[in-house]
Amino acid sequence: MIQRNRAKEDHEMLAKLLLKYGLATKEQVLSALAVARREETKGVEEPLGAVLLQMGIVTEKQLQCVCQIRSFLMTREQDKRSVEDLLKRGLCSPDQVTAAFHEQEIRFRKFRRICRLSEILAQQERVPSEQRAEMHPPANSSREASVHSETERDKGQANQRGYVAAVDCQPSHGQGSVLGANELTLFAGAESELRVSDDGLQAFLLLKSPHASGLTVEQVLALLESHGIAHGIVEESRIAEFLDQPETGERILEVARGQAPVEGRDGSIEYFFETDPLRIGAVKGGQRIDFKDRGEVPQVNEGEILARLIPTVEGQDGLNIYGLKTPVYKPKKLRLYCAEGVILSEDGLEARARRPGRPKISIDGRLVVEPEYVVQGDVNLATGHIDFDGSICVHGTVEDGFRVKGGSLSAKEIRKAQIEIAGDVVVKDGIIGATVKTQGNVKAKFIQGATIEAMGDVLVESSIIDSTVASCGTCFVRCGRIFSSMVQAKRGIEAKQIGSEQSRACRLVVGIAAQLEVQLAELKALIRASERKIARTENALRKLNGFRQRMEIKMGRLIQKQEDILRELRSLEEEAQELESVNNPAHVEQVKFSTIYFQSTFRDAERKMNDIQDKRCAPVKARMSDVKEKIVSLKDLHNELTQRFESLSTWAKESPPLPVVKVYGAVLAGTQIRTAHACTRLTKELQKVVIRESRETSKGGMDDWRITARPLRS
């Protein structure tokens, strides 16, 4: 009964795959299932694959591919069940298992190679060698026995009809075979075999005995054609020479070779300065952070190179022996994003300093060179508020009630001040009662009664007390405590202790970055607004240009009129000279009158031209020049906003949410934890735990999200 149920499951999986990939219609699958069940009632076990081949619904090549996918899915299900024990025993982490499953899928997609999860983890040195056997069920386990028996039945039934439906991953001849274990048997006869490598790039003809010499070149080519092998077949002369060889024993010939894919190379960026000079310090002994060890702050001069882009090298798809493309990994393409104080070369491969100052990389990956402003003492009434587009270094304290706005900030202490910074905020002592908004990281000894909004990480040495902290990175208080605070961190929270019996419960939110979504939405709105402004301004420029063209046409007509008048005046002057010798006073008076009229008309046209030039064309030209400058300014702003949005979006994609809370000491009861899909309140104190969001899929296909806690591995 168990074997029958499993065969039914295998049939159903095969049917679903055929429908999914469009290899058969629903009616065809139902007909094949009906034939298989009818034969089963007669006491004959007819595999579904053999029925599909017999009915001509699929080809042997298609069935082979689907069977490979089915085998992969079955192996994957077995690995999912066996890996649960590894997780319970703490031999590997969920992140390592996720990465291994991803690698397993990549290997199958690229090379059609079915690798066990234990092999991948062992290659990555995640699982000790003595634990690998425990992950694999024995070769004769009921499940594998069922799959193997059905495969053998498929092969037997298909061979009776001249088809090959089975894939046998082990040689059928002894251990002394010249073929490797990673080759698939497509045809297994008494005297010869046709095998193909598991990546589909090579096909081999194996002759087992000298009696196989009866094969002809035409029969070998027909055998290859019957299995869909059409690309990279060797010359017929080589096949004939191989068949005519008198040697005894096993011999092998590579009868087809595909074109192997050529892997590409990811782009990379080489930086020529310390990219994290204001780092919080080295971690001493794996536990304590040395806040004094921050390294030297880099300085550059105008024209110095800051970064060089090493371009992406595109790969080349391969072509297997079946004539199918073997796609390669699409390499990552990078670009240099530049902001204030940085100039990019025309080819986009080098970034240099536009001015002297302090180079840095913003949280979203843009290169910046900032000038520096130093306050030797405190920020108080003597200095006033500070608004400086660069690096601000305060040797003392930022006092209550003062505002500091700039590129980056380092200070001894910050009290009840308003801080708005584009880069990092580094405080030697504490942040007390302040409101800090930054596009970079926040690093301090302690935070108390403050509100922190950071696009980067928040790193604290000792404690966060009575504060609200929102970070798009990690909130790292590994050696310290979090009391009476609301902490939100997209990339998780790490702390020594969370909560106490004397303080109110903490609220933790992980895997969510609301301020990032808000900022991206604001940038989108600004980009759309700038596009509308550019469109309106360009429309105004077109109208001004149209008015200028009309005025030029009008002036052209006046100029033409003046030329006509000048011709009339020259004609009248010639006529007056002729009349000097003729006594005709009346005609002379008429010529004089016409001359005066045309001269007056010429002066009137001249006056109109001057009026158009001075009162209409000149202001319009000046206005057009201003509008053109405005368009250039608006386009520069649009490009800056677009670059900012692209760099921020890229950074957000490369930093996916990590809904995890790691506690190296105790997290007290009452602590609220919320993720994107679940929330909970702890009912008891937990010691040394990892709390994370996890997903389980029910039998009905619905996702069930929950927050789970597991012991923290040291």
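Owing to the predicted nature of the structure, the values given are computational and were not obtained by experimental measurement. (Residues numbered from 1 in each chain as written. Predicted model: local features only at pLDDT ≥ 70, side-chain atom pairs only at ≥ 80, totals over all residues. Heavy atoms only, no water.)

(A) Quick look at the side chain of Asp 79. The residue Asp 79 is located in helix H4 (residues 60–88) in this model. By relative accessible area, which is 1% here, Asp 79 ends up buried. Here the side chain of Asp 79 touches Gln 104 through a polar contact of 2.9 Å, side chain to side chain. Beyond its immediate chain neighbours, meaning those up to four positions away, Asp 79 contacts Phe 101, Gln 104, Cys 115, Arg 116 and Leu 117. (Helix = DSSP H or I, 4+ residues; strand = E, 2+ residues; numbered from the N terminus. Buried < 20%, exposed > 50% of the residue type's maximum accessible area, 1.4 Å probe, protein only. Polar contact = N/O pair within 3.5 Å; in protein donor to acceptor, adjacent residues only side chain to side chain. Contact = heavy atoms within 4.5 Å.)

(B) Structural context of the pairing of strand S13 (residues 350–353). What you see with S13 is a clean split: Ala 351 and Ala 353 sit on the buried side and Glu 350 and Arg 352 on the side with no burial. As paired strands, strand S8 (residues 305–310) and S13 are joined by 3 bridges and run antiparallel to one another. Residue pairing in the sheet places Arg 308 in a bridge with Glu 350 of S13. In this structure, strand S12 (residues 342–344) lies alongside S13, joined through 3 bridges in antiparallel fashion. Its bridge partner being in S13, Val 342 is matched across the sheet by Ala 353. Where S12 folds back onto S13 in an antiparallel hairpin, the turn is made up of 5 residues, including Gly 348, whose phi is positive at roughly 75 degrees. (Pairing = 2+ DSSP bridges.)

(C) Focus on the pattern of salt bridges. The tally for this structure, following the rule as stated, stands at 20 salt bridges. Salt-bridge contacts for Glu 270 lead to Arg 308; the nearest nitrogen and oxygen are separated by 3.9 Å. Pair noted here: Glu 270 is in strand S5 (residues 268–271) and Arg 308 is in strand S8, with a separation of 38 residues, a long-range link. With relative accessibility at 31%, the residue Arg 308 sits in the partly exposed group. Between Glu 350 and Arg 352 there is a salt bridge, with its nearest N and O atoms 3.3 Å apart. Each member of the salt-bridge network shares a partner with another, and the members are Glu 270, Arg 308, Glu 350 and Arg 352. (Salt bridge = Lys/Arg side-chain N within 4 Å of Asp/Glu carboxyl O.)

(D) Broad picture of the nonpolar core. Core analysis: the biggest nonpolar cluster contains 50 residues, and Ile 414 and Ile 431 have the highest contact counts within it. Those residues within four positions of Ile 431 in sequence are excluded, and the remaining contacts are Ile 414, Val 436, Val 442, Ala 444, Phe 446, Ile 447, Gln 448, Ala 450 and Ile 452. Counting 22 residues, the second-largest nonpolar core is a separate cluster that includes Leu 14, Ala 15, Leu 18 and Ile 69. (Core = buried A, V, L, I, M, F, W, Y, C linked by side-chain atoms within 4.5 Å.)

(E) Inspection of the packing of aromatic side chains at higher detail. Taken as a whole and judged by the stated rule, the model has 3 aromatic pairs. Seen from their ring centres, Tyr 271 and Phe 273 are 6.2 Å apart, and the 75 degrees between their planes marks the pair as edge-to-face. For Tyr 271, a relative accessible area of 31% puts it in the partly exposed group. When its relative accessible area of 11% is taken as the criterion, Phe 273 is described as buried. Ring geometry for Tyr 597 and Phe 598: centres 5.4 Å apart, planes at 65 degrees, overall edge-to-face. (Phe/Tyr/Trp six-rings, centres within 6.5 Å; stacked < 30°, edge-to-face > 60°.)

(F) The arrangement of the confidence of the model for the chain in detail. Per-residue confidence for the chain gives a mean pLDDT of 78, with 82% of residues at or over 70. Mean pLDDT per element in the chain: helix H8 (residues 142–160) is the minimum at 39, and strand S20 (residues 413–414) is the maximum at 95. In the predicted structure, residues 136–188 sits below a pLDDT of 50 and forms 121 contacts with residues beyond four places in sequence or in another chain. The low-confidence segment residues 278–295 (pLDDT under 50) makes 43 contacts with residues lying over four places distant or belonging to another chain. (pLDDT = per-residue confidence, 0-100.)

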